Amino acid sequence: MLYITRRETFNAAHRLYREDYDDQTNLEIFGKCSNPNWHGHNYILYVTVAGEVNPETGFILNLKTLSQIIQDTIIAKIDHKNINLEVDFMKGKMASTEILTIVIWEQLEDEIKKLGARLFSVKLYETENNFVEYKGEKTNTTI
Ligand code: NI
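Owing to the predicted nature of the structure, the values given are computational and were not obtained by experimental measurement. (Residues numbered from 1 in each chain as written. Predicted model: local features only at pLDDT ≥ 70, side-chain atom pairs only at ≥ 80, totals over all residues. Heavy atoms only, no water.)

**Points about the overall build of the chain**
To be explicit about the condition: To qualify as a helix, a DSSP run of H or I must reach at least 4 residues; to qualify as a strand, a run of E must reach at least 2; elements of each kind are numbered from the N terminus. Only heavy atoms matter for contacts: two residues are in contact if any of them lie within 4.5 Å across the pair. Per-residue accessibility takes into account occlusion by the displayed protein chains alone, with areas from the Shrake-Rupley method and a 1.4 Å probe. Two residue types count as positive, namely Lys and Arg, and two as negative, namely Asp and Glu; His and chain ends fall outside the count. Taken as the charge location is NZ of Lys, CZ of Arg, CG of Asp or CD of Glu.
Along the backbone of the chain there are 4 helices and 5 strands. Along the chain, from the amino end to the carboxyl end, the secondary structure elements read β-α-β-α-β-α-α-β-β. Over its C-alpha atoms, taken along the principal directions, the chain stretches across nearly 60 × 30 × 25 Å. Contacts in the chain between residues at least 24 apart in sequence constitute 66% of all its contacts with a sequence separation of at least 6. Accessible surface for the chain amounts to roughly 8500 Å². Of this, 46% is attributable to carbon and sulfur atoms. Charge-centre separation for the chain: the mean point of 16 positive side chains lies 3 Å from the mean point of 21 negative side chains.

Structure (structure tokens):
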């Protein structure tokens, strides 16, 4: 079994907050990401796929095809958008890196299965120091 990773980037705005908290409480819990007037991040997304090497091509899969799937399924919908307001797959969800990572996994899993490969991990960097990784394991997170 081998693992191959495609890196993609997007930038997007968001706000971390709860409507049932006041601005002060949101600031205490979510920090600068609770700014009521939004702010943006340059996200870096790593999608890792597991598979066997096809002896005819020498590839696990065609990276161009994987890139196109990520573009169509994720990037086209989120790049230069407001995650809280404009991204269909994030509607009604907390715009945290954790939730976004799980939702990106859910969006990609079946598409990658159709290529005869298996989605192994989704890693999403919100800043160069902070990232979340999800490998599809059962989670108690309700999103
Ligand atoms: Ni933020």
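Back to the write-up after that little detour.
**What to know about the coordination of the nickel ion**
Filter applied, for reference: Donor atoms (N, O, S) are those found within 2.8 Å of the metal centre, with the cutoff raised to 3.2 Å for Na, K and Ca; water is not part of the atom list, so apparent gaps in a site can occur. A site with four donors is called tetrahedral when every donor-metal-donor angle falls between 85 and 135 degrees; four donors are called square planar, and six octahedral, when opposite donors sit more than 155 degrees apart and all other angles fall between 65 and 115; any other arrangement is irregular. Only protein chains enter the calculation, and the probe is 1.4 Å; a residue is then buried if its accessible area is under 20% of its type maximum, exposed if over 50%, and partly exposed in between.
Ligation of the nickel ion by protein atoms is provided by His 14 (NE2), Cys 33 (SG), His 39 (NE2) and His 41 (NE2), these donors lying 2.0 to 2.1 Å from the ion. With 4 donor atoms in place around the nickel ion and angles of 92 to 127 degrees between them, the coordination shape is tetrahedral. Donor residues for the nickel ion, ordered by position in the chain, follow H-x18-C-x5-H-x1-H. On the accessibility criterion, Cys 33 (13% relative accessible area) is buried.

**Remarks on the nonpolar core**
Nonpolar side chains in soluble globular proteins tend to end up buried together. The cut-off we apply is this: Think of a nonpolar core as a cluster: buried Ala, Val, Leu, Ile, Met, Phe, Trp, Tyr and Cys residues, connected wherever their side-chain atoms sit within 4.5 Å.
Counting 34 residues, the largest nonpolar core has Phe 10, Leu 45, Val 47, Ile 78, Leu 100 and Leu 108 as its most contacted members. Elements with a contribution of two residues or more to this core: strand S1 (2–14), strand S2 (39–51), helix H2 (63–78), helix H4 (97–113) and strand S4 (118–125). With 8 residues, H4 is the single largest residue contributor to this core. When sequence neighbours within four positions are dropped, the list of residues in contact with Val 47 reads Ile 4, Thr 5, Arg 6, Leu 66, Ile 70, Leu 108, Ile 112, Leu 119 and Ser 121.

**Considering the environment of Ser 121**
Quick reminder of the rule: The term polar contact refers here to a pair of N or O atoms within 3.5 Å; inside protein, the definition further demands a hydrogen-donor-capable atom paired with an acceptor-capable atom, and it admits residues adjacent in sequence only when both atoms are side-chain atoms.
Inspection of the secondary structure assignment puts Ser 121 in strand S4. Ser 121 sits 36 residues away from Leu 85 along the chain, and the two C-alpha atoms are 26 Å apart. With residues near it in sequence (within four places) discarded, Ser 121 still touches Tyr 46, Val 47, Thr 48, Trp 105, Glu 133, Tyr 134 and Lys 135. Of the polar contacts made by the side chain of Ser 121, one reaches the side chain of Glu 133; its length is 3.2 Å.

**Points about the pattern of salt bridges**
Operational definition: The term salt bridge refers to a pairing of a side-chain nitrogen on Lys or Arg with a carboxyl oxygen on Asp or Glu at a separation within 4 Å.
Tallied over the entire structure, the rule returns 5 salt bridges. Note that Asp 23 and Arg 15 form a salt bridge whose closest N and O atoms lie 3.4 Å from each other. The partly exposed category is assigned to Asp 23, whose relative accessible area is 49%. When the shortest N-O distance is used, the salt bridge between Lys 114 and Glu 111 registers 3.1 Å. Judged by its relative accessible area of 28%, Glu 111 falls in the partly exposed class.

**Notes on the packing of H2 against H4**
To be explicit about the condition: To obtain each axis, a line is fitted to C-alpha atoms, and for helices this fit is confined to the stretch in contact; angles are then taken between N-to-C directions over 0 to 180 degrees. Each angle receives one of four descriptions, namely roughly parallel if under 35 degrees, roughly antiparallel if over 145, roughly perpendicular if within 65 to 115, and oblique otherwise. Handedness of a crossing is defined here by the sense of rotation of the near helix relative to the far one, left-handed for an anticlockwise turn of less than a right angle and right-handed for a clockwise turn. Residues are grouped as follows: nonpolar covers Ala, Val, Leu, Ile, Met, Phe, Trp, Tyr, Cys and Pro; charged covers Asp, Glu, Lys and Arg; every other residue, Gly included, is treated as polar.
Between H2 and H4, whose axes approach to 10 Å, the crossing angle comes to 140 degrees. In terms of orientation, H2 lies oblique with respect to H4. As H2 runs across H4, the sense of the crossing is right-handed. Across from Leu 66, Ile 69, Ile 70, Thr 73, Ile 74 and Ile 78 in H2, the residues of H4 making contact are Leu 100, Ile 104, Gln 107, Leu 108, Glu 111 and Ile 112. Tallied by class, residues from the contact of H2 with H4 come to 9 nonpolar, 2 polar and 1 charged.

**Topic: H2**
Which entries qualify depends on this criterion: The span expected for a helix works out to 1.5 Å for each residue beyond the first. Given a residue, its bend is the angle between the two axes fitted to the seven residues that end at it and to the seven that start from it.
Over its 16 residues, H2 runs 21 Å from end to end, which matches the ideal 22 Å to within 8%, given 1.5 Å per residue. Residue Gln 71 marks the point of greatest curvature in H2, where the axis turns by about 45 degrees. Residues of H2 that are buried in the fold lie against S1, S2, strand S3 (81–82), helix H3 (83–86) and H4. Its side-chain oxygen at 2.8 Å from the backbone nitrogen of Lys 64, Asn 62 defines the N-terminal cap of H2.

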